[in-house]
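Below, each chain spelled out in residue letters.
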Amino acid sequence: MAQLRETIAELEAILGDPVRLRAVISTELEAIRQQHAEPRRTRIIHDPGELFVEDLIEDEEIVVTLTHAGYIKRSRPTPFALRRAAPWRAGTKLKEEDLIDQVLHTTAHSHLLLFSNRARFTG
């Protein structure tokens, strides 16, 4: 019991003195480093590989809607919207005379080719 009290008093003295505490921590970390130190097995190299725009865009599920007037909208599907019969109409604000013609469920990295019979290109 006396030895336990001496240990407690010693530890409290260490905790009470910041210089002594720093020295104890430094000594213990050095002992751990020497015990577990070994040379690096992995070689780290710089890879100047190509970076594409698609690499910067998260590949997530999206919904593309096309209206009768030719407007296109990209939006995220929500779990609520996927359960509904006409899921993307609720979140799409349209002119009164415009209707949704096409709904496409795809991903952000998918390529879409859109053709028109109006002979106009807006790029």
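Residues numbered from 1 in each chain as written. Predicted model: local features only at pLDDT ≥ 70, side-chain atom pairs only at ≥ 80, totals over all residues. Heavy atoms only, no water.

Some details on the pairing of strand S2 (residues 72–75)
Where strand S1 (residues 61–67) and S2 come together, four bridges link them in antiparallel fashion. Each residue of the ladder has a partner; that of Leu66, found in S2, is Ile72. Where S1 folds back onto S2 in an antiparallel hairpin, the turn is made up of four residues, including Gly70, whose phi is positive at roughly 100°. (Pairing = 2+ DSSP bridges. Helix = DSSP H or I, 4+ residues; strand = E, 2+ residues; numbered from the N terminus.)

Concerning the sheet that holds S2
One open sheet accounts for three strands, arranged S2-S1-S3; its pairing is antiparallel. Every interior strand has two partners, whereas the edge strands, S2 and strand S3 (100–107), have only one. Direction aside, the axes of adjacent strands within the sheet are offset by 20° on average. Relative to S3, S1 is paired through seven bridges, and the arrangement is antiparallel. Paired with Glu61 across the bridge in S3 is Thr107. (Axes fitted to C-alpha atoms, helices over the stretch in contact; angles between N-to-C directions.)

A short note on the pattern of salt bridges
A pair can form between side chains of opposite charge whenever their charged atoms are brought close. Counted by the stated rule, this structure contains five salt bridges. Residue Glu38 pairs with Arg41 through a salt bridge whose shortest N-O separation is 2.5 Å. Given a relative accessible area of 49%, Glu38 falls into the partly exposed group. You can call Arg41 exposed: its relative accessible area is 73%. Ionic pairing is found between Glu60 and Arg76, a salt bridge with its closest N-O pair at 3.3 Å. Taken together, the residues span a long stretch of sequence, with Glu60 in the loop between helix H2 (18–36) and S1 and Arg76 in the loop between S2 and helix H3 (79–83) at a distance of 16 residues. Arg76 sits in the exposed class, given a relative accessible area of 61%. Each of Glu60, Arg74 and Arg76 takes part in a single network of salt bridges with overlapping partners. (Salt bridge = Lys/Arg side-chain N within 4 Å of Asp/Glu carboxyl O. Buried < 20%, exposed > 50% of the residue type's maximum accessible area, 1.4 Å probe, protein only.)

Remarks on the packing of helix H1 (residues 2–16) against H2
Interaxial distance between H1 and H2 falls to 5 Å at its minimum, and their mutual angle equals 105°. Classified by the interaxial angle, the pair formed by H1 and H2 is roughly perpendicular. Contacts between H1 and H2 pair Glu10, Ala13, Ile14, Leu15 and Gly16 from the former with Pro18, Arg20, Leu21 and Val24 from the latter. (Parallel < 35°, antiparallel > 145°, perpendicular 65-115°, else oblique. Contact = heavy atoms within 4.5 Å.)

Details of H1
The end-to-end C-alpha distance of H1, which contains 15 residues, comes to 21 Å, matching closely the 21 Å that a straight helix rising 1.5 Å per residue would cover. Summarising burial for H1: one of the 15 residues are buried, a small minority. (Expected span 1.5 Å × (residues − 1).)

Considerations on the environment of Glu38
With respect to the helices and strands, Glu38 occurs in the loop between H2 and S1. A distance of 2.5 Å separates the side chain of Glu38 from the side chain of Arg41, its partner in a polar contact. (Polar contact = N/O pair within 3.5 Å; in protein donor to acceptor, adjacent residues only side chain to side chain.)

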